Structure formats: structure tokens, C-alpha cells
Amino acid sequence: MTNELAKSEMAALLEEVQEQLRTVAKVQQERAQLVGSASARGKRVTVFVNADGTVIETRFGPGIEDLSYAEIAKAITEAAQAAAVDVAHKGQQLLAPLHDRRARLPKLSDLIEDMPDFASQVPQPPRASTAPPGAAERQVHAAGPDDGSMRFSNVEAYDHDGTTDRGVTDSSW
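These remarks concern the structure in this document. (Residues numbered from 1 in each chain as written. Predicted model: local features only at pLDDT ≥ 70, side-chain atom pairs only at ≥ 80, totals over all residues. Heavy atoms only, no water.)

Let's talk about the overall build of the protein chain
Selection rule: Helical segments are the DSSP runs of H or I of at least four residues, strand segments are the runs of E of at least two, and each set is numbered from the N terminus. When accessible area is computed with a 1.4 Å probe and restricted to protein chains, residues below 20% of their type maximum are described as buried, those above 50% as exposed, and intermediate ones as partly exposed. The contact criterion used throughout is that any non-hydrogen atoms of two residues lie within 4.5 Å. Only the protein chains shown count as covering a residue, and every accessible area follows the Shrake-Rupley method with a 1.4 Å probe.
A tally of regular secondary structure across the protein chain gives four helices and three strands. For the protein chain, the residues scored as buried account for 18% of the 173 residues in total. Considering only contacts within the protein chain whose residues lie at least 6 apart along the sequence, 48% involve residues at least 24 apart. Looking at the protein chain as shown, the accessible area adds up to about 14,100 Å², and 55% of this sits on carbon and sulfur atoms.

Here is the structure:
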């Protein structure tokens, strides 16, 4: 009878996974249709982005001629960033029921004894900077101590500037 119970639970789990996959396909289609928008400088600049945050349209409103080129450029950047936040928020709302449903499914570590929970070990990616290229904010993290490069402490110092370095023609060969 235990075998029948296990088969029944596995069938229910497989049905739930298949339903989850159908929901994922539906949500992916809906997400592809999302559009975010935002305005800057009193609606003189409005930017529209697709679900990936790519600018798909930029509109200038009345009074745009009163702004300098630098002000227009800054307004476009601000509106595009705000529109990307808008569409990301819409995407999160769209995915929320899917995440809730997935949270109810058992993890692999729940099904297999001594299996580690790999999902909890995945590092969270850092947020991308919205600072312009060359900004001080971008320079701070460029060469920090946690930049992933290898550091060696047991090395000999070598004076590159004090050698003649004639290579294979050196008489010491």
C-alpha cells in the first residue's frame, strides 16, 4: 500500500509541475507584451520601454524647445531609467503568482535525503549602476579587494627597471 501512496504522490507532483510549466508559458507571453513608461521635466520627455527595458519610443511634449540639449539628454536618461523601473515592477507583479505556486512545490532537498538545498546557495547578483560612464560611483568598485583577482603573498620582488634584459644575446648565457 505504501508503494501505491508513493505513486499517487508522484502523479500529483508531476501534474503540479506540468501545470506550473503551462503557467510559465502563459506568463512569458504576457510579459512579452509589457510596456513601461515614464515622463521627465513636466512631461516634456516621455520614454516607453519593452519588457526587457529597451527603449521602444521617445516622445517630446510641448515646451521641449525651452530645454537645452544637456537638459533634454538628462531628461531622456531619467525617463528611460524610470520607465525601466516601471516595467520591472509590472513584471514582478505578473510573476508573483508563479513564485507563490513554485514555493508550494517541494524542493529536491525535501525529496532526496541528504541532498543539499542548492537554491539557498546561489549568490544574489549586485544591482547594476545607473551612473553614467566615468562617474565616481563606477570607479569605487572597479578594483576593490573583492574584485575576484588572485593575490599572492609569498613572492619575490623583481626590479624590472634596473635590468638591461638583453635576452638570449646576454653574455651570461
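Let's talk about the sheet that holds strand β3 (residues 55–60)
Selection rule: Two strands make a pair as long as DSSP finds a minimum of two bridges between them. Structural elements are reduced to axes, namely lines fitted to C-alpha atoms, with helices fitted over the stretch in contact, and the angle between N-to-C directions of any two is expressed from 0 to 180 degrees.
Across the sheet, three strands lie side by side as β1-β2-β3; this open sheet has antiparallel pairing. Looking along the sheet, the strands with just one partner apiece sit at the ends: β1 (35–40) and β3. Averaged over all pairs of adjacent strands, the angle between strand axes in this sheet comes to 15°, irrespective of strand direction. Two elements, β1 and strand β2 (residues 45–50), share six bridges in a ladder whose sense is antiparallel.

A few points about the nonpolar core
Going by this rule: Residues enter a nonpolar core if they are buried and are Ala, Val, Leu, Ile, Met, Phe, Trp, Tyr or Cys, with the set joined through side-chain atoms within 4.5 Å.
Counting residues in each nonpolar core, the largest one holds 17 residues, and the members touching the most others are Leu34, Val45, Val47, Val49, Ile64 and Ala79. Of all elements in the fold, only β1, β2 and α2 (69–104) reach the threshold of two or more residues within this core. Here this core takes seven residues from α2, the largest share from any one element. Not counting chain neighbours up to four residues away, the residues in contact with Ile64 comprise Arg44, Val45 and Ile72.

Remarks on the pattern of salt bridges
If charged atoms from side chains of opposite charge come close, those side chains can pair. Threshold: Salt-bridge detection follows one rule: a side-chain nitrogen of Lys or Arg within 4 Å of a carboxyl oxygen of Asp or Glu.
A complete count under the given rule lists six salt bridges for this structure. Of the charged contacts, one joins Glu19 and Arg22 as a salt bridge, the two residues approaching to 2.8 Å between their closest N and O atoms. Pair noted here: Glu19 and Arg22 are both in helix α1 (residues 2–32), with a separation of three residues, about one helical turn. We classify Arg22 as partly exposed; its relative accessible area is 45%. With a shortest N-O distance of 3.5 Å, Lys26 and Glu30 are connected by a salt bridge. Here Lys26 and its partner Glu30 are both found in helix α1, four residues apart, which amounts to about one turn of the helix. Judged by its relative accessible area of 54%, Lys26 falls in the exposed class. Members of the salt-bridge network, linked through shared partners, are Glu15, Glu19 and Arg22.

As for α2
Heads up, the condition is: Residue count minus one, scaled by 1.5 Å, sets the expected span of a helix. Two axes enter the definition of the bend at a residue: one is fitted to the seven residues ending there, the other to the seven starting there, and the bend is the angle between them.
Taking 1.5 Å as the rise per residue, α2 with 36 residues should run 52 Å; its terminal C-alpha atoms sit 52 Å apart, in good agreement. Considering bend angle alone, the principal kink of α2 is centred on Leu95 and spans about 40°; proline Pro97 follows within four residues of it. For α2, every residue scored as buried is listed here: Ile72, Ala75, Ala79, Ala80, Ala83, Val87, Gly91, Leu94 and Leu98.

Section: the pairing of β1
Where burial is concerned, the two faces of β1 differ: the one with Gly36, Ala38 and Ala40 is buried and the one with Val35, Ser37 and Ser39 is not. Between the antiparallel neighbours β1 and β2 lie four residues, among them Arg41 with a positive phi of about 55°.

Digging into the side chain of Thr46
Here is the rule: Polar contact is defined as a pair of N or O atoms within 3.5 Å, subject to the rule that within protein one atom must be able to donate a hydrogen and the other to accept it, and that residues adjacent in sequence are counted only when both atoms are side-chain atoms.
Structurally, Thr46 is set in strand β2. Within polar-contact distance, the side chain of Thr46 engages the side chain of Ser39 at 2.8 Å.

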